[in-house]
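# Report on the structure
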Amino acid sequence: QVQLVESGGGLVQAGGSLRLSCAASGSAFSIYAMAWYRQAPGKQRELVAHEISGGSANYADSVKGRFTISRDNAKNTVYLQMNNLKPEDTAVYYCNVFINRANYWGQGTQVTVSS
């Protein structure tokens, strides 16, 4: 059974940076596709960034130039580097990975950006 463990969230001032991590365990297969979503209070979950193995990354317009999605295949871990954070980035962030034809979600990590 694949398990995802997220870490790296927290409270940061506007203009600051955070790096979220999502470590996958319990599978002999590598991550094929990865994505980060976020959900702010009272809003729908939205796609922030995603990448399919071997392809280019895609970003929501609101985070382009500030966020970077990446992976470490040796660690089966995906990352979301978030720079120049804004109060509107405040949300619970979820990782989502596709491994061996199945989709998995992380437990979510809170990111709060103060003005």
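Residues numbered from 1 in each chain as written. Predicted model: local features only at pLDDT ≥ 70, side-chain atom pairs only at ≥ 80, totals over all residues. Heavy atoms only, no water.

Before going further, it helps to examine the state of the cysteines. This model, assessed by the stated rule, comprises 1 disulfide. One disulfide bridge connects Cys22 with Cys95, the sulfur atoms lying 2.0 Å from each other. Because the sign of the S-S torsion sets the handedness, a value of about 55° for the bond joining Cys22 and Cys95 places this disulfide among the right-handed ones. Placement of Cys22 in strand 3 (residues 18-25) and of Cys95 in strand 9 (residues 91-99) is noted, with a sequence separation of 73 residues between them. For the residue pair Cys22 and Cys95, the accessibility class agrees, reading buried in each case. (Disulfide = S-S within 2.5 Å. Helix = DSSP H or I, 4+ residues; strand = E, 2+ residues; numbered from the N terminus. Buried < 20%, exposed > 50% of the residue type's maximum accessible area, 1.4 Å probe, protein only.)

To continue, consider the sheet that holds strand 8 (residues 77-82). Pairing between the strands of a sheet comes from backbone hydrogen bonds, and it takes one of two forms, parallel or antiparallel. The strand order across the open sheet formed by 4 strands is 1-3-8-7, and the pairing between neighbours is antiparallel. With one partner strand each, in any of the chains shown, strand 1 (3-7) and strand 7 (67-72) form the two edges of the open sheet. On average, each strand axis in the sheet is inclined to that of its neighbour by 15°, with strand direction left out of account. Bridge count between strand 7 and strand 8: 6 bridges; the pairing is antiparallel. Its bridge partner lying in strand 8, Ile69 is registered against Leu80. (Pairing = 2+ DSSP bridges. Axes fitted to C-alpha atoms, helices over the stretch in contact; angles between N-to-C directions.)

On their own, these measurements won't tell you what the molecule is for.
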